[in-house]
Amino acid sequence: MSTAAFSPSSPSPAADMADSPISLRAHLRHTGALIRRNLLWIRQDPESMFDAVLFPVIFTLLFVYVFGGSIGKSMGGGQDQYVQYVVPGLMAMMGMNMAQGVGTGFNQDFNSGVMDRFRSLPIGRGSVLFAKIAVELMRMLCATAVLMVVAVLVGYDIHRWAGLLASVGLSAVFGSALMWVFLTLGVTMKNAQSVQAMGFLVLMPLQFGSSIFAPTASMPGWLRHFTDYNPLSALADTARGLMEGGPVAHDLWVTLIWSVGLTAVMAPVAIHKFRTKA
């Protein structure tokens with residue numbers, strides 16, 4: 001749906017209406033319309049799906065065939081054992097990488113004037129952000145589906161379908177929490193390059209200082225302490241427990257606490273920054 005469908009006759013009254021209380025039903029209606037608008041934009045620009053399609057293919061092939069033999073051997077097995085180890089970890093990465101994309105896209109919308117147009121309309125401010133997150137979660141599910149297809153082709157055995165579905169849901173919960181962080185960066189940073197640079201500085205230590213790609217037993221003590229509190233390690237280990245079997249309670253609670261904490265802190269900040277951005 002184009003933004004013209006919401007076009008008010010006068011910008012000032014519309015802005016006043018947007019600042020007035022809006023019912024939950026209206027919020028849901030606005031969010032649905034904006035989700036449809038964003039999906040139509042993806043259909044018109046299919047290249048925006050390249051990262052969701054290519055990222056899981058590249059990372060799966062890279063880690064399985066470049067590092068799988070050596071890391072699998074150090075684990076007491078081989079490449080086949082490493083495939084079973086790394087795929088749940090890569091699933092944990094899907095939401096994180098999609099979260100970075102929502103921040104850069106949000107910033108580009110601001111710089112192009114699209115968000116200024118939305119803020120002049122009589123719609124709930126949160127609806128714009130919730131619609132962004134909903135569409136990014138759809139892209140994350142597409143990326144996860146591609147990942148699992150590639151994983152099966154390189155030898156991954158799905159032992160527990162219920163655990164797989166639970167892992168996808170947990171990754172979506174944590175990914176949506178991270179999206180609030182990047183939406184805040186998208187509002188506050190001057191350009192998309194700055195959002196990408198900040199995302200790189202934040203995500204790279206979290207990715208490689210975790211149990212996503214390799215067991216943490218051989219890491220130095222100080223780094224193991226970092227991985228103990230790294231939410232990506234907790235998410236990856238929970239996914240392995242759900243998909244392969246093993247204890248999940250502690251890591252599951254850690255992941256949920258991080259998800260709830262990030263959402264509770266960053267969602268109000270992102271909405272406030274969106275409302276007040278000059």
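All values derive from a computational prediction rather than experimental measurement.

Student: Lay out the overall build of the protein chain with the relevant residues and their values.
Tutor: Secondary structure assignment for the protein chain yields eleven helices and zero strands. Overall, the protein chain shows an N-to-C arrangement of helices and strands of α-α-α-α-α-α-α-α-α-α-α. Expected size for 278 residues packed as a compact globule is a radius of gyration near 19 Å; at 20 Å, the protein chain falls within 12% of this value. Projecting the C-alpha coordinates of the protein chain onto the three principal axes gives extents of approximately 70 × 35 × 35 Å. Looking at the protein chain as a whole, 47% of its 278 residues are labelled buried.

Student: Break down the confidence of the model for the protein chain for me, citing the residues and quoting the values.
Tutor: Scored by pLDDT, the protein chain comes out at a mean of 83, with 92% of its residues at no less than 70. Of all secondary-structure elements in the protein chain, the lowest mean pLDDT belongs to helix α1 (residues 11–19), at 43, while helix α10 (residues 231–244) reaches the highest, 92. Here residues 1–19 is modelled with pLDDT under 50, and outside its nearest four sequence neighbours on either side it reaches 36 contacts, counting other chains as well.

Student: With reference to specific residues and values, describe the packing of α10 against helix α11 (residues 249–276).
Tutor: Where α10 contacts α11, the two axes come as close as 8 Å, and the packing angle between them is 135 degrees. Classified by the angle between their axes, α10 and α11 sit oblique to one another. Once α10 is placed against α11, the crossing between them reads as left-handed. In this structure, α10 uses Pro 231, Ala 234, Leu 235, Asp 237 and Thr 238 to contact α11, whose residues at the interface are Asp 251, Leu 252, Val 254, Thr 255 and Trp 258. Counted by class, the contact of α10 with α11 contains six nonpolar, two polar and two charged residues.

Student: So what's going on with the pattern of salt bridges? Residues and values would help.
Tutor: By the definition in use, this model includes two salt bridges. Between Glu 136 and Arg 139 there is a salt bridge, with the nearest N and O atoms lying 3.1 Å from each other. One end of the pair is Glu 136 and the other is Arg 139, both in helix α6 (residues 125–153) and three residues apart, which spans about a single turn. As far as the burial class goes, Glu 136 and Arg 139 line up, both buried. A salt bridge links Asp 237 to Arg 240, with the nearest nitrogen and oxygen atoms 2.9 Å apart. Taken together, the residues Asp 237 and Arg 240, both in helix α10 and three residues apart, mark about one turn of the helix.

Student: Give a detailed account of the packing of aromatic side chains, specifying residues and quantitative values.
Tutor: Across all of its chains, the model carries eight aromatic pairs by this definition. Between the aromatic rings of Phe 55 and Phe 59, the centroid separation amounts to 4.5 Å while the plane-to-plane angle is 40 degrees, which identifies the pairing as tilted. Here the residue Phe 55 and the residue Phe 59 both occupy positions in helix α3 (residues 50–74), the gap between them amounting to four residues, near one helical turn. A ring pair is formed by Phe 59 and Phe 63, whose centres lie 5.7 Å apart and whose planes are at 25 degrees; its orientation type is stacked. One end of the pair is Phe 59 and the other is Phe 63, both in helix α3 and four residues apart, which spans about a single turn. Take Phe 63: its relative accessible area is 7%, and that puts it in the buried class. Pairwise contacts between aromatic rings join Phe 55, Phe 59, Phe 63, Phe 67, Phe 208 and Phe 213 into one cluster.

Student: Mind laying out the packing of helix α4 (residues 79–112) against α10, listing which residues take part and the relevant values?
Tutor: Contact pair α4 / α10: the axes reach a minimum separation of 8 Å and the direction vectors enclose 130 degrees. With respect to their mutual orientation, α4 and α10 come out oblique. Our pair here, α4 against α10, has a crossing hand that is right-handed. Facing Gln 84, Tyr 85, Pro 88, Gly 89, Met 91, Ala 92 and Met 96 of α4, the residues of α10 in contact are Leu 232, Leu 235, Ala 236, Ala 239, Arg 240, Met 243 and Glu 244. Here the residues of the contact of α4 with α10 sort into ten nonpolar, two polar and two charged.

So, how was this worked out
- Numbering of residues begins from 1 in every chain and follows the order in which that chain's sequence is written.
- Residue-level local features of this predicted model are given only where pLDDT is at least 70; pairs of side-chain atoms are given and counted only at 80 or more, and the full residue set underlies all totals for whole chains, interfaces and linings.
- Computation of side-chain values: all heavy atoms of the structure, hydrogens and water removed.
- Numbering of helices and strands runs from the N terminus; a helix is a DSSP stretch of H or I covering at least four residues, while a strand is a stretch of E covering at least two.
- Computation of the radius of gyration draws on C-alpha atoms, with the globule rule given as 2.2 Å multiplied by the number of residues to the power 0.38.
- Accessible area is worked out with a 1.4 Å probe on protein chains only. A residue is then buried under 20% of its type maximum, exposed over 50%, and partly exposed in between.
- Residue-level confidence of the predictor is summarised by pLDDT, bounded by 0 at the bottom and 100 at the top.
- Contact between two residues is taken to exist if any of their heavy atoms lie within 4.5 Å; hydrogens are not considered.
- Note on method: axes are straight lines fitted to C-alpha atoms, helices fitted across the in-contact stretch only, with angles between N-to-C directions ranging 0 to 180 degrees.
- Angles are sorted into four bins: roughly parallel if under 35 degrees, roughly antiparallel if over 145, roughly perpendicular if 65 to 115, and oblique for all others.
- The sense of a crossing depends on the near helix, which, turned anticlockwise from the far helix by less than a right angle, makes the crossing left-handed and, turned clockwise, makes it right-handed.
- The classification used treats Ala, Val, Leu, Ile, Met, Phe, Trp, Tyr, Cys and Pro as nonpolar, Asp, Glu, Lys and Arg as charged, and all other residues, Gly among them, as polar.
- When a carboxyl oxygen of Asp or Glu lies within 4 Å of a side-chain nitrogen of Lys or Arg, that pair is called a salt bridge.
- Pairs were defined over the aromatic rings of Phe, Tyr and Trp, the Trp ring being its six-membered one, requiring ring centres within 6.5 Å. Orientation was assigned from the angle between planes: stacked under 30 degrees, edge-to-face over 60, tilted for the rest.

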